[in-house]
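If you want the building blocks of each chain, they are given just below.
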Amino acid sequence: MVLQFNLSNQPSSPAEDAINKKDRPIPSGRIKLETAKALRWIVMPLCLVLSVCYSIETMYTSIAIIILTALHDDAKGANRWWGKNGLNGLGYASFNLGA
């Protein structure tokens, strides 16, 4: 699930990462931006399938993380202070629930 989040989060701000976090895969050139975006959509259903293998509750947690990640990165919820704080809090709660 963390891989899925990172694959979504890193392509959302490549210019910032190029300045602040040059060792990440996209700014360092180890993976292309388009490849990271495509890989995110491949990893997402794989995470769901693996989650179902553990339990239905784990699958629900994976669904929650997918929704929260989409709100954080795709819907630009992280661009608002309340969105960033609230979504990060819910995300950490979902990660802990899944563990």
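Residues numbered from 1 in each chain as written. Predicted model: local features only at pLDDT ≥ 70, side-chain atom pairs only at ≥ 80, totals over all residues. Heavy atoms only, no water.

### So, a nonpolar patch on the surface
Item 1. Where nonpolar side chains cluster on the molecular surface, the patch consists of I56, Y60, I63, I67 and L71 and spans about 450 Å² of accessible area.
Item 2. Inspection of the secondary structure puts I63 in helix α4 (residues 56-74).
Item 3. Residue classification places I63 among the partly exposed residues on the basis of a relative accessible area of 33%. (Patch = residues over 30% accessible without salt bridge, like charges linked within 9 Å, V, L, I, M, F, W, Y side chains within 5 Å. Areas by Shrake-Rupley, 256 points an atom, 1.4 Å probe, with all protein chains shown as cover. Salt bridge = Lys/Arg side-chain N within 4 Å of Asp/Glu carboxyl O. Helix = DSSP H or I, 4+ residues; strand = E, 2+ residues; numbered from the N terminus. Buried < 20%, exposed > 50% of the residue type's maximum accessible area, 1.4 Å probe, protein only.)

### Thoughts on the packing of α4 against helix α5 (residues 81-98)
Item 1. The interhelical angle for the contact between α4 and α5, taken along N-to-C directions, is 160 degrees, at an axis separation of 9 Å. If you check the angle between α4 and α5, you find them roughly antiparallel. Between α4 and α5 the crossing geometry is left-handed. Contacts from T61, A64, I65, L68, L71 and H72 in α4 reach L87, N88, L90, G91, S94, F95, L97 and G98 in α5.
Item 2. The residue inventory of the contact of α4 with α5, partitioned by class, reads eight nonpolar, six polar and no charged. (Axes fitted to C-alpha atoms, helices over the stretch in contact; angles between N-to-C directions. Parallel < 35°, antiparallel > 145°, perpendicular 65-115°, else oblique. Left-handed = near helix turned anticlockwise from the far one by under 90°. Contact = heavy atoms within 4.5 Å. Nonpolar A, V, L, I, M, F, W, Y, C, P; charged D, E, K, R; others polar.)

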